[in-house]
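Summary of the model geometry
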Amino acid sequence: MNAMHETLYADLKLLGLAPLWTSLHDLVPPHPSSRMRPAHWQYEHIRPLLLRAGEVISAEEAVRRVLILENPGAIGTACITDTLYAGLQLILPGEVAPAHRHTQSAFRFIVEGRGAATTVRGERFPMEPGDLILTPCLEWHDHSHEGSEPVVWLDGLDIPLVRSLAAGFAEDAQTRQQTLSTPTGMNAAYWGSGLRPVGTRTGVAPHRVERFAYRFGEWRGALSTLARSGEPPGAEGFALEFVNPVDGSSILPSMSAFCQVVPKGYETPIHRRTDGRVFSVVEGSGHIRAGSSVFRPVARDVFVVPSWTPYSIRAEEELVLFSYSDRATQERLGLWRVQVDRVDG
Ligand code: GTQ
């Protein structure tokens, strides 16, 4: 850079201008280059800290008593991927996490414990390990716990995405808990069996989210049947996507969620995708290679593979995974890509 450049750049800056040519490559990179890093969180290390958090602050005081899983490449941003957030939330017997709503879409994937429930749109949804409960954009939700043991779940939200769009609104309810206006089971009856309501409820707008719960027994049973079938596993083992019954699309407009079983000893091809993906281990143990990292996650651990990071998953013991990503957003924008790097591992 010579003196003429420097004075030009200084004069540009005074007028709120900047040269494109010094940053073109970063702005329009030849391939995705995320500052996020592959990372692994071990539940056995997190659990005691969650319980300590339970001693220092109540769910009511905290509003949400959550430990955020922050990507080591972006400390301080509450991001686990470029667009997504993950946290582990603890609720203790007798506690209430008060009712509120927000434009950020959310789900809870239950990791440990029984007896808690989330109320969404006036209906109470009991939470059991392996259940997936949705709280879509602007739906009122509160959590409560009438059982006897700590309950922990993984919160997945599109907080960074909504922040980048500067479209976040949130509101606290007037009451601590919603009035139960709909009997438990109604949501499952209307939307939960591959059926949908006929009559006044048909014609709901595309991308509307109406189904609020996907139960462990349903998806685990499907995976068991596939794993026992004698069919060869696909590239990801036996993988299924949770589906929105309104229009066959992703569970939430911004986020897709998946479950998969990787048979013992099987290793997926090394591949990469444009959607950074967060995994929660449900059963078994694995050997994960992601970029230059190697992880050996076990049940209840979380790991993340950022956008366009080559990775493979090998099951040491039959591995059952739940995962989520922004694939839904990327597909809607025509951005989503996958590439297989090596098939022989
Ligand atoms: O339960 O509404 O982990 O609003 C972060 C933000 C949970 C929730 C989180 C939230 C929630």
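Our structure is the block above this text.
What comes next is a walk through the structure. (Residues numbered from 1 in each chain as written. Predicted model: local features only at pLDDT ≥ 70, side-chain atom pairs only at ≥ 80, totals over all residues. Heavy atoms only, no water.)

**Let's talk about the packing of aromatic side chains**
Counted by the stated rule, this structure contains 13 aromatic pairs. Here the aromatic rings of Tyr214 and Phe242 are separated by 5.6 Å at their centres, their planes lie at 80°, and the arrangement is edge-to-face. Here Tyr214 is found in strand E12 (residues 213–214), whereas its partner Phe242 is found in the loop between strand E13 (238–241) and strand E14 (256–262), with 28 residues between them in sequence. Among the aromatic side chains, those forming a connected cluster through ring pairs are Phe107, Phe109, Tyr214, Phe216, Trp219, Phe242, Phe322 and Tyr324. Geometry around Tyr214 places Arg211 over its ring, the cationic atom sitting 4.1 Å from the centre. (Phe/Tyr/Trp six-rings, centres within 6.5 Å; stacked < 30°, edge-to-face > 60°. Helix = DSSP H or I, 4+ residues; strand = E, 2+ residues; numbered from the N terminus. Lys NZ or Arg CZ within 6 Å of the ring centre and 35° of its normal.)

**Side note on the sheet that holds strand E10 (residues 151–157)**
Taken together, the six strands give an open sheet; going across it, the order is E2-E3-E10-E5-E8-E12, and neighbouring strands pair in antiparallel fashion. Both outer strands of the open sheet, strand E2 (66–68) and E12, are each paired with one neighbouring strand and no more. When strand E5 (residues 106–112) meets E10, the two strands line up antiparallel, connected through six bridges. Counted as the bridge partner of Ala106 is Leu157 from E10. The sheet strands contacting helix H3 (residues 43–56) are E2, strand E3 (85–91), E5 and E10, and the helix crosses E3 at an angle near 55°. (Pairing = 2+ DSSP bridges. Contact = heavy atoms within 4.5 Å. Axes fitted to C-alpha atoms, helices over the stretch in contact; angles between N-to-C directions.)

**What about unusual backbone geometry?**
Its identity as a non-glycine residue notwithstanding, Leu138 has a phi of 65°, on the positive side. Mapped onto the fold, Leu138 is located in the loop between strand E8 (132–135) and strand E9 (141–145). A residue is classified by how much of its surface remains accessible, and Leu138, at 36% relative accessible area, is partly exposed. Despite not being glycine, Arg300 has its phi angle at roughly 80°, a positive value. Relative to the helices and strands, Arg300 is located in the loop between strand E17 (293–295) and strand E18 (302–305). (Buried < 20%, exposed > 50% of the residue type's maximum accessible area, 1.4 Å probe, protein only.)

**A few points about the site of the ligand**
Every residue lining the ligand is accounted for by Arg64, Val66, Tyr85, Gln89, His100, His102, Arg108, His141, His143, Asp155 and Leu157. A distance of 2.7 Å is found between an oxygen atom of the ligand and a side-chain nitrogen or oxygen belonging to Arg64. In this structure, an oxygen atom belonging to the ligand sits 2.7 Å away from a side-chain N or O atom of Tyr85. A total of 290 Å² of accessible area belongs to the ligand in isolation, and the protein chains cover 88% of it. Listed by contribution, the elements that provide at least two residues to the shell around the ligand are E3, strand E4 (96–102), E9 and E10. Looking at the shell around the ligand residue by residue, the classes come out as three nonpolar, five polar and three charged. (Near = heavy atom within 4 Å. Polar contact = N/O pair within 3.5 Å; in protein donor to acceptor, adjacent residues only side chain to side chain. Areas by Shrake-Rupley, 256 points an atom, 1.4 Å probe, with all protein chains shown as cover. Nonpolar A, V, L, I, M, F, W, Y, C, P; charged D, E, K, R; others polar.)

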